[in-house]
There are 2 protein chains.
Amino acid sequence: MSVTAAKGFRAAGIAAGIKQNGNPDLALVVNDGPRRAAAGVFTANRVKAAPVLWSEQAMKSGQVSAVVLNSGGANACTGPKGFQDTHATAEKAGEALGRGAIEVAVCSTGLIGVLLPMDKLLPGIDTAAAQLSEHGGEKAAIAIKTTDTVHKTSVATGAGWTVGGMAKGAGMLAPGLATMLVVITTDADVDDATLDQALRAATKVTFDRVDSDGCMSTNDTVLLLSSGASGITPEYDAFAEAVRQVCDDLGRQLIGDAEGASKDIKIEVVGAASEADAVEVGRSIARNNLLKCALHGEDPNWGRVLSAIGTTSAVFEPDQLNVAINGVWVCKNGSVGEDRDLVDMRYREVHIVADLAAGTETATIWTNDLTADYVHENSAYSS
Amino acid sequence: MSVTAAKGFRAAGIAAGIKQNGNPDLALVVNDGPRRAAAGVFTANRVKAAPVLWSEQAMKSGQVSAVVLNSGGANACTGPKGFQDTHATAEKAGEALGRGAIEVAVCSTGLIGVLLPMDKLLPGIDTAAAQLSEHGGEKAAIAIKTTDTVHKTSVATGAGWTVGGMAKGAGMLAPGLATMLVVITTDADVDDATLDQALRAATKVTFDRVDSDGCMSTNDTVLLLSSGASGITPEYDAFAEAVRQVCDDLGRQLIGDAEGASKDIKIEVVGAASEADAVEVGRSIARNNLLKCALHGEDPNWGRVLSAIGTTSAVFEPDQLNVAINGVWVCKNGSVGEDRDLVDMRYREVHIVADLAAGTETATIWTNDLTADYVHENSAYSS
């Protein structure tokens with residue numbers, strides 16, 4: 001399903017030889033219209049990979065109707081040559097598709113600081129273009145995997161229209177978009193401005209609230225393309241909700257497949273004076289390595305939650321904080337609450353509620369535990 | 001040597017039974033004068049342990065001349081009862097020493113969210129007071145250990161005067177002072193205001209730049225006491241430098257003994273537009289879990305250094321960044337530099353130089369790698 005669930009799109013995924021192990025590493029997504037609208041959201045990291053710099057420019061042209069994605073190399077920190085390579089990639093895809101280079105967004109993921117093998121990548125684009133298909137969404141999703149153990153796709157449907165997408169990402173997952181590439185397509189007949197509005201609204205409460213390991217990537221990209229092929233222009237709220245659902249589902253899949261993780265941790269901050277306070281507190285808890293280790297050890301260590309809250313600038317009084325772990329209020333009024341032995345920590349999902357008792361705003365951040373497997377994977381895999 | 005290296009101080013360290021394993025857990029440090037000056041710096045965490053709240057008040061009284069320290073329990077997040085316990089501890093020590101409670105600072109370290117066994121702690125104070133000795137510094141340093149594998153002491157000497165200290169800390173080591181208790185003593189004849197100035201200047205560039213795991217504790221305390229027993233009032237600069245040396249040495253010992261660490265990582269940020277920029281960048285690098293894993297795997301992964309720099313607000317241009325690891329400039333002008341295979345990563349100490357090429361300011365942050373042992377220790381030990 002993936003990016004070809006919506007009408008008006010074709011996709012392909014092939015092994016171009018960029019990855020030395022021969023796994024699929026090149027994907028192509030093409031919008032056949034009739035509309036060719038697009039929106040994009042990119043990493044907030046100031047060290048941006050060449051494909052991010054290129055795609056930001058392409059998006060400003062208002063003409064993006066195709067995406068080339070490669071795994072096996074991030075093309076980040078590669079200087080002018082890296083940017084030339086991205087440009088050559090867009091030109092080659094444009095030629096193969098009969099379009100201008102500026103109509104082609106480029107996404108790359110993999111090792112930072114290494115040039116891409118263009119002698120493999122460019123011929124691969126021809127191969128992929130020849131295999132474009134209305135059923136190619138799943139192959140495309142598979143071709144963008146790096147350390148992902150599974151490929152990630154999602155679909156939401158409205159009355160006669162569809163939103164579908166694919167994502168990759170398993171590490172360097174953090175704020176302002178995780179190390180992840182996401183392409184979402186729709187056949188709803190929606191213009192650039194509406195796509196942009198719906199995409200920003202959705203990413204703000206989904207991908208931006210996924211924080212697996214606090215590390216922000218140089219390559220994060222989320223693209224939303226509309227073909228208008230359904231001929232239907234939905235109500236904004238219904239369309240935005242469908243986009244949010246797909247983003248939320250894909251974000252949840254990223255957390256579920258995070259490198260080395262054994263727990264998916266939902267941190268729900270309630271009683272905040274502002275949404276910004278709730279997000280700041282949620283993120284501080286999500287990034288506390290000691291807490292992440294404790295949860296890995298199935299230890300409902302609420303002291304580490306309070307210690308993390310205490311480092312924020314949010315409105316709260318220390319002696320009014322309450323914390324529940326898996327439904328047990330282990331901390332009340334900043335001190336010992338219900339018996340921590342009542343907390344059942346056996347399952348993969350852990351639910352923390354942090355009540356700041358300072359207002360009515362809330363936010364939910366998803367994170368993972370910190371495990372020896374995370375250390376092993378990231379001390380052995382150079383990315 | 002430790003806190004009794006300087007004249008005019010006695011100390012003791014005993015096993016009061018606070019720790020269930022019978023290890024030493026209670027220390028006493030007493031200033032016999034003739035001067036009884038003191039200064040203190042406390043955690044920036046807004047969730048402060050009862051002993052921190054008490055000691056901050058005591059320090060404001062301007063009369064602190066003794067310190068009780070216990071391991072085996074942090075007395076943090078323990079509500080009004082926890083504060084009463086700290087107060088009772090100060091009163092008991094005051095009685096034993098013939099002083100007022102307000103003259104006694106209290107420091108605690110160990111598990112958060114558990115009340116201290118006062119039936120063990122209070123009698124222990126009498127035992128410790130009976131064992132006070134001018135040679136008790138080392139025993140005191142041993143009694144404040146938690147997960148520390150070694151006790152930590154340091155001494156610096158001037159012309160006829162001495163600064164000596166002890167520290168504990170092995171985890172929850174981060175900014176605005178690490179989880180650590182430090183007591184420094186001097187027989188230099190120095191008043192409260194000068195002690196305060198020298199202590200704040202020293203901690204700002206030493207303990208505040210130790211960031212082992214990004215986790216800020218509820219109990220961090222650094223105290224500096226002067227007995228004036230040498231009869232000498234040194235020049236400020238010489239005295240401040242001696243205090244800085246002792247703080248730097250103790251901070252370095254904390255990093256060297258950090259939980260589960262296999263590397264001590266010196267992050268030197270140069271070419272910064274401001275010292276604040278240099279500190280922000282150094283701390284961002286120090287807290288990047290992916291980099292910390294890579295260094296554990298002896299992988300000179302400079303891409304993760306750039307990725308961390310890119311998340312800061314410091315002044316820099318991405319295409320002018322340079323990074324050296326152990327003397328090899330693996331990244332030049334934001335792109336591939338010298339051959340990364342030239343980097344020798346076999347030793348415990350790793351030296352990263354991050355050149356922002358934006359000015360002349362510098363800062364050095366010390367951190368550790370992220371290891372499976374860190375995960376094991378912190379998923380098994382509830383602290």
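Chain A has the name Arginine biosynthesis bifunctional protein ArgJ in an unreviewed UniProt entry, where Streptomyces murinus is given as its organism. Per UniProt, chain A carries the Subcellular location (unreviewed entry) text "Cytoplasm". Checking UniProt for chain A, the heading Sequence similarities (unreviewed entry) contains the comment "Belongs to the ArgJ family."

S.K.: For this particular structure, what's the right way to read the sheet that holds strand 1 (residues 9-14) of chain A?
M.R.: Strand pairing within a sheet occurs via backbone hydrogen bonds; the two strands may be parallel or antiparallel. All names here are of chain A. Taking strand neighbours across the sheet as the criterion, the four strands line up as 1-2-4-5 in an open arrangement whose pairing is mixed. A single partner strand is all that each edge strand has here, and the edge strands are strand 1 and strand 5 (104-108). Averaged over all neighbouring strand pairs, the angle between strand axes comes to 10°, with direction disregarded. Relative to strand 2 (residues 26-31), strand 1 runs antiparallel, the two being bridged by six bridges. Of the residues in strand 2, the one forming a bridge with Ile14 is Leu26. Against the sheet, helix 2 (residues 79-97) engages strand 2, strand 4 (66-70) and strand 5, with an angle of about 130° to strand 5.

S.K.: Could you clarify how one ought to interpret the packing of helix 2 (residues 79-97) of chain B against helix 3 (residues 118-130) of chain B in this entry?
M.R.: In helix packing, the relevant descriptors are the interaxial angle and the interaxial distance, both defined with respect to the helix axes. Residues and elements named next belong to chain B. Where helix 2 meets helix 3, the closest approach of the two axes is 9 Å, and the angle between their N-to-C directions is 25°. The angle between helix 2 and helix 3 falls in the class roughly parallel. Between helix 2 and helix 3 lies a crossing of right-handed hand. Each of Asp85, Ala88, Thr89, Lys92, Ala93 and Ala96 in helix 2 lies in contact with helix 3, whose residues at this interface are Met118, Leu121, Leu122, Ile125, Asp126 and Ala129. Across the contact of helix 2 with helix 3, the residue classes break down as eight nonpolar, one polar and three charged.

S.K.: Help me understand the pattern of salt bridges in this model?
M.R.: Here the idea is simple: oppositely charged side chains can pair when their charged atoms come close. Applying the stated criterion across every chain yields a total of 28 salt bridges over all chains. Between Lys332 of chain A and Glu338 of chain A there is a salt bridge; the shortest N-O distance is 3.6 Å. With a closest N to O distance of 2.7 Å, Asp344 of chain B and Arg346 of chain B form a salt bridge. Since its relative accessible area comes to 31%, Asp344 of chain B is described here as partly exposed. On the basis of relative accessible area, Arg346 of chain B is assigned to the exposed category, the value being 59%. Within the structure, one salt-bridge network assembled from shared partners comprises Arg10, Asp32 and Arg99 of chain A.

S.K.: Would you mind going over the interface of chain A and chain B with me for this structure?
M.R.: Interface size is commonly expressed as the accessible area that is lost once the parts come together. Contacts between the two partners involve 53 residues from chain A, matched on the other side by 52 residues from chain B. For the chain A face of the interface with chain B, the top three residues by lost area are Arg46, Asn289 and Leu290 of chain A, together amounting to 17%. The interface formed by chain A and chain B holds zero salt bridges in total. Those elements that provide at least two residues to the side of chain A that touches chain B are helix 8 (289-296), helix 9 (302-309), strand 13 (335-336) and helix 10 (372-380) of chain A. Residue contributions to the side of chain A that touches chain B peak at six residues, all from helix 10 of chain A.

Definitions and limits used
Residues numbered from 1 in each chain as written. Chains lettered and ligands numbered in written order. Predicted model: local features only at pLDDT ≥ 70, side-chain atom pairs only at ≥ 80, totals over all residues. Heavy atoms only, no water. UniProt positions renumbered as here; feature names shortened; annotations may be inferred. Pairing = 2+ DSSP bridges. Helix = DSSP H or I, 4+ residues; strand = E, 2+ residues; numbered from the N terminus. Axes fitted to C-alpha atoms, helices over the stretch in contact; angles between N-to-C directions. Contact = heavy atoms within 4.5 Å. Parallel < 35°, antiparallel > 145°, perpendicular 65-115°, else oblique. Left-handed = near helix turned anticlockwise from the far one by under 90°. Nonpolar A, V, L, I, M, F, W, Y, C, P; charged D, E, K, R; others polar. Salt bridge = Lys/Arg side-chain N within 4 Å of Asp/Glu carboxyl O. Buried < 20%, exposed > 50% of the residue type's maximum accessible area, 1.4 Å probe, protein only. Buried area = accessible area lost by both parts, 1.4 Å probe.

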